[in-house]
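Single-letter residue listing:
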Amino acid sequence: MIYFLFFSLGQCSVDFNALLSFKDSVFDPSNSLSSWVNSSNPCIDSWYGVTCNPSTHRVTRLVLENLNLSGSTHSLHHLSYLRLLSLKNNRFFSSSAVNLSSWRYLRHLYLRQNLFSGTFPIGISTLRRLHRLDLSHNNFHGEIPMTELTQLPFLLTLRLESNSFTGPLNSIASFSSMYDFNVSENKLSGEIPAWMSRFPVSSFEGNKDLCGQPLQSDCFNRTALPATIKKKIRHPQSKRLSNGVVLMIVAVDVVAVMAALVTITWCCYKYKCFSDGTQTEAMETKSGSTTKLQRRSGSRGVEIEAEELVMFEGCKGFRKVGDLLKSSAELLGKGNVGTTYKVVTDGGDMVVVKRVRQRRRRRDVDGWLRIMGGLRHANIVGLIAYYNSKDELLLVYEFLSNGSLHSLLHG
């Protein structure tokens, strides 16, 4: 009995000396540790933040939160019976990597919001009883030892956000019991393991090189990019257009479309293209001419009023709609607007005829088409004629024989 008493007092003195050494090594601006004095006992008297086991007289809990303390925590490694250590929201730092191996009974470790730096604390694999680990908002760097962490059977909380950890999140096993996990605002990379996808997006945000569920970033596209680059390097003589040529073509098209829109807008403002005007006036102008023609509806068996085939500069090979309808035609394609045909007239001239599916008011359509027919630009396909009746709208364009933009871009 006497031996046990002396042994306990000897062990208690180890904790006593460790705490006083810690107090001497830290800066305490608020004098929060004033109760830690030589003339008292941390396990008998009331030392701020200290809790002991009454039977062994060993320090098992040390809670020093929000005290603005600064300095080293090296002396606390002698508190080998600690179950809980919380130093949250202070300014503690470490001159070397934090060593946890002396706290083999530790269950809760909270170092949040301090100035700790270096690699991930060493000795984490010895903390087999650890339940909660919070190293967030510090300056730790290097890789996270996921393999060692997954071997801790009771780990419930792992908070590592707002550090500078790098590397992947690879692990051999998963945390079957963990429910609080956060590695956001680091420099992690690679794919998120499938078992981690059950945690929210906020657990991974702020890692620009991290991909996979639950993030929206797709790992497949990232891994496919190098293969595409290798293919281009392996076939340097490819006949596909270079990126510079493609960009130039797109830029020219954009400029041409913008020029057309500006011209149309200006014309509408200048000449009031939506004003009421008669649709029967003769078009014997410099830009084109109109020809009256008669059509008859076969389905209704009634005669339709005379309509106009409006022709513009460059129109040749036909004078009326009948010339187009009886010419040989080849289907070029169908789209949301209508169907497009390649038409060869009796004289051998080739034009493109688009039969528009959707109709608008004739007055509005005529105003726009007459303006478009007067536009001529090297990058705009010219409208050379149109036919607008109650039953249908036909647009006649110049035929360009060099293929489509799609075939130029994709071969």
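Everything numeric here is computed off the predicted structure, so don't read it as measured data.

Across the seven residues of strand 19 (residues 338-344), five count as buried, placing the element largely inside the fold. Sheet analysis places strand 18 (residues 328-334) next to strand 19, joined by six bridges and oriented antiparallel. Opposite Ala329, over in strand 19, you have Val343 as the bridge partner. Here seven bridges tie strand 19 to strand 20 (residues 350-356), and the two strands are oriented antiparallel to one another. Looking across to strand 20, one finds that Thr339 is bridged to Arg355.

Moving on, we come to the nonpolar core. It is characteristic of soluble globular proteins that their nonpolar side chains tend to be buried jointly. In this structure, Leu62, Leu133, Ile144, Leu149 and Phe204 are the most contacted members of the largest nonpolar core, which totals 57 residues. Broken down by secondary-structure element, the contributors of at least two residues to this core are helix 1 (2-25), strand 2 (50-53), strand 3 (58-63) and helix 2 (146-149). If one sorts the elements of this core by residue count, helix 1 sits on top with five residues. Ignoring anything within four residues of it in the chain, the contact list for Leu133 reads Leu109, Phe120, Ile124, Leu149, Leu155, Thr157, Leu158 and Arg159. Within the second largest apolar cluster, 14 residues are counted, among which are Met311, Val321, Ile384 and Ala385.

Taken together, the five strands give an open sheet; going across it, the order is 8-10-12-14-15, and neighbouring strands pair in parallel fashion. Only two strands of the sheet have a single partner each, and these edge strands are strand 8 (117-118) and strand 15 (209-211). Pairing analysis gives three bridges linking strand 14 (residues 187-191) to strand 15, with the strands arranged parallel. Looking across to strand 15, one finds that Gly190 is bridged to Leu210.

Next up on the list: the pattern of salt bridges. Counted under the stated rule, the structure contains six salt bridges. Linking Arg159 and Glu161 is a salt bridge whose minimum nitrogen-to-oxygen distance equals 2.7 Å. Taking relative accessible area as the criterion, Arg159 reaches 22% and is therefore assigned partly exposed. For Glu161, a relative accessible area of 5% translates into the label buried. The salt bridge involving Glu392 is made with Arg355; its shortest N-O contact spans 2.3 Å. In this pair, Glu392 is assigned in the loop between strand 21 (383-388) and strand 22 (393-398) and Arg355 in strand 20, connecting sequence segments 37 residues apart. You can call Glu392 buried: its relative accessible area is 12%. You can call Arg355 partly exposed: its relative accessible area is 34%. What you see here is one network of salt bridges that share partners, running through Arg112, Arg159, Glu161 and Asp180.

Basis of the calculations
Every chain's residues receive numbers from 1 upward, in the order its sequence appears when written. pLDDT decides what is reported in this predicted model: residues at 70 or higher carry local features, side-chain atom pairs at 80 or more are listed and counted, and totals for whole chains, interfaces and linings draw on all residues regardless. As a rule here, side-chain values cover all heavy atoms of the structure and leave hydrogens and water aside. When accessible area is computed with a 1.4 Å probe and restricted to protein chains, residues below 20% of their type maximum are described as buried, those above 50% as exposed, and intermediate ones as partly exposed. A run of DSSP states H or I qualifies as a helix once it reaches four residues; a run of E qualifies as a strand once it reaches two. Both are numbered from the N-terminal end. DSSP-based pairing: two strands are paired if at least 2 bridges between them are found. What we call a nonpolar core is a set of buried Ala, Val, Leu, Ile, Met, Phe, Trp, Tyr and Cys residues that are connected through their side-chain atoms within 4.5 Å. Contacts between residues were defined by any pair of non-hydrogen atoms, one from each residue, lying within 4.5 Å. One speaks of a salt bridge when a side-chain nitrogen belonging to Lys or Arg is within 4 Å of a carboxyl oxygen belonging to Asp or Glu.

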